[in-house]
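# Inside the fold
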Amino acid sequence: MNDCLIIGGGVIGLSLAYELARGGQSVTVIDRGPPAREASWAGAGILPPANASAAQNGYEQLAALSCEMHPRWAADLREATGIDNGYRCCGGIYLARSRAEADVLAQQAAAWRKRKIACEQLDAASLARYEPALRTAESADAAPILAAYRLGDEAQLRNPRHLHALLAACQRFGVDVRAGVECTALETRGDRVTGKVTGVITNVGTLSAETYCVASGAWTGGLLRPFGIRVAVKPIRGQIVLFRTPAPILRHVVNDGLRYLVPRDDGRLLAGSTEEDVGFDPRNTAAGVQGLIELATSLAPSLANATVERTWAGLRPATSDGLPLIGRMPGVTNAFCAAGHFRSGLQLSPATAVVLARLIRGEDPQIDLAQMRLDRPTHADGEPIDG
Ligand SMILES: Cc1cc2nc3c(=O)[nH]c(=O)nc-3n(C[C@H](O)[C@H](O)[C@H](O)COP(=O)(O)OP(=O)(O)OC[C@H]3O[C@@H](n4cnc5c(N)ncnc54)[C@H](O)[C@@H]3O)c2cc1C
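All of the points below concern the structure found in this document. (Residues numbered from 1 in each chain as written. Predicted model: local features only at pLDDT ≥ 70, side-chain atom pairs only at ≥ 80, totals over all residues. Heavy atoms only, no water.)

## Brief notes about the overall build of the protein chain
Scanning the protein chain for helices and strands turns up nine helices and 19 strands. Against the compact-globule benchmark of 21 Å for 387 residues, the protein chain has a radius of gyration of 21 Å, which places it among compact chains. In terms of principal-axis extent, the alpha carbons of the protein chain reach across some 65 × 40 × 40 Å. Each of the 387 residues in the protein chain was classed as buried or not, and the buried ones make up 56%. Contacts in the protein chain between residues at least 24 apart in sequence constitute 76% of all its contacts with a sequence separation of at least 6. Split by element, the accessible area of the protein chain, about 16100 Å² in all, is 49% carbon and sulfur. Once the 40 positive and 40 negative side-chain charges of the protein chain are each reduced to a mean point, those two points are 2 Å apart. (Helix = DSSP H or I, 4+ residues; strand = E, 2+ residues; numbered from the N terminus. Rg over C-alpha atoms; globule rule 2.2 N^0.38 Å. Buried < 20%, exposed > 50% of the residue type's maximum accessible area, 1.4 Å probe, protein only. Contact = heavy atoms within 4.5 Å. Areas by Shrake-Rupley, 256 points an atom, 1.4 Å probe, with all protein chains shown as cover. Lys, Arg positive; Asp, Glu negative; His and termini not counted. Charge placed at Lys NZ, Arg CZ, Asp CG, Glu CD.)

## Focus: helix α4 (residues 99-114)
When the terminal C-alpha atoms of α4 are compared, their 23 Å separation across 16 residues agrees well with the 22 Å that a helix rising 1.5 Å per residue should span. Of the positions making up α4, those classed as buried are Ala102, Leu105, Ala109 and Trp112. Buried residues of α4, seen end-on, are gathered within an arc of 75 degrees and therefore sit on one face of the element. Turned more than 90 degrees off the buried face of α4, the exposed positions are Ala100, Val104, Gln107 and Lys114. Those residues of α4 that are buried lie in contact with β4 (92-96) and β6 (147-151). Count one or two residues on from α4 and you reach lysine 116, which has phi positive near 55 degrees. (Expected span 1.5 Å × (residues − 1). Arc of directions from axis to C-beta.)

## Remarks on the sheet that holds strand β8 (residues 176-179)
Spatial ordering of the open sheet is given by β8-β2-β1-β12-β19-β18, a layout of six strands whose pairing is mixed. The sheet terminates laterally at β8 and β18 (325-328), the two strands that pair on one side only. Going across the sheet, the axis of each strand differs from the next one's by a mean of 20 degrees, ignoring polarity. The pairing of β18 with strand β19 (residues 335-339) spans four bridges and is classified as antiparallel. When the bridges of β19 are listed, leucine 325 appears paired with alanine 339. The sheet strands contacting helix α9 (residues 345-360) are β1 (2-7), β12 (209-214), β18 and β19, and the helix crosses β19 at an angle near 170 degrees. (Pairing = 2+ DSSP bridges. Axes fitted to C-alpha atoms, helices over the stretch in contact; angles between N-to-C directions.)

These results come straight from atomic positions and should not be treated as a statement about function.
Dropping the structure here:
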């Protein structure tokens, strides 16, 4: 019998499998589809900065630990697999194009400074120096940029490559990754204090291990329901448009409210993303794509001439109170969950894996997970907030 069985082969499940397996555990990952697709593949790979010395709570500690770990994981994965996951500290620029947005951004800048995140306010000349392709002057078809800040420590990774590297590393460390295996329920035995999960029921029969972890992204809610967890998990669709230019036209991630442009080194550039509460509907829509093309060309007019290489959409796992679910499942001693990372799953994945691996091994997680525990009370139908 394996030490751990993980349900879900997205970035959260694969990161946990990698962490456990290189620590010597035998691990199986099951995925109802091909692994390394879904939200984790669809994401933009933005890694906002964080600072451990100013972290005010467990969630911020998790973000700070992840921030420290990403460059190390990128190097370890490259050494183990030869795959470069595209991690680089490219910096991020945050823009406001209305008075109201400028006020919100000024408050955000104060919050960054309080959390000891280096933040530089830019005037029009310095913005043009950093990013000459951005439209800084007023024009008939685009609102002018009224305020801009630069976070030099913002980073990015190319998530499809990161997942490819994680999968290869998992294979190298002996993880059994099984595609096309769908879990429909967890089988339990015993009372609510000493109870145990004895197996997971799947389309290929019941599979057993010493410990279990549910990491099934936006699809997690149904598996958690029998455990009386009140925090709901639901999908929030995000669409992306991928542009291609002969050479990169931007260096920084450019953030405009909740939307952004992410330049890759090879001239590709992602424009994202929508935030749509439309259930499990993974389509691109005309309005979604049109809005993103307008965003991109209003910020960087030369993109009007770029090739639109591809569009896609993914389903972010959002919780009803905006915080991920990380910890032990209530009423059982040997099953855990890591899900609901909403807009931040790529960012938070290494620390989530390390903390959960400690819990699974019976160690102190070294991060206060109280905010993220599965049996926390919640206001049932609150809107997810941006993590
Ligand atoms: C457009 C977009 C942009 C984003 N940008 C960023 C970003 O810039 N930075 C960032 O940090 N995050 C970003 N995110 C969020 C991030 O992608 C997610 O938080 C993260 O991928 C969630 O990972 P996951 O492993 O929990 O879920 P997923 O990647 O969705 O993986 C869950 C897996 O579980 C499997 N599964 C589901 N149910 C079952 C079952 N019953 N049995 C077996 N397998 C099952 C699924 O097939 C899937 O493979 C973005 C997301 C989107 C959609």
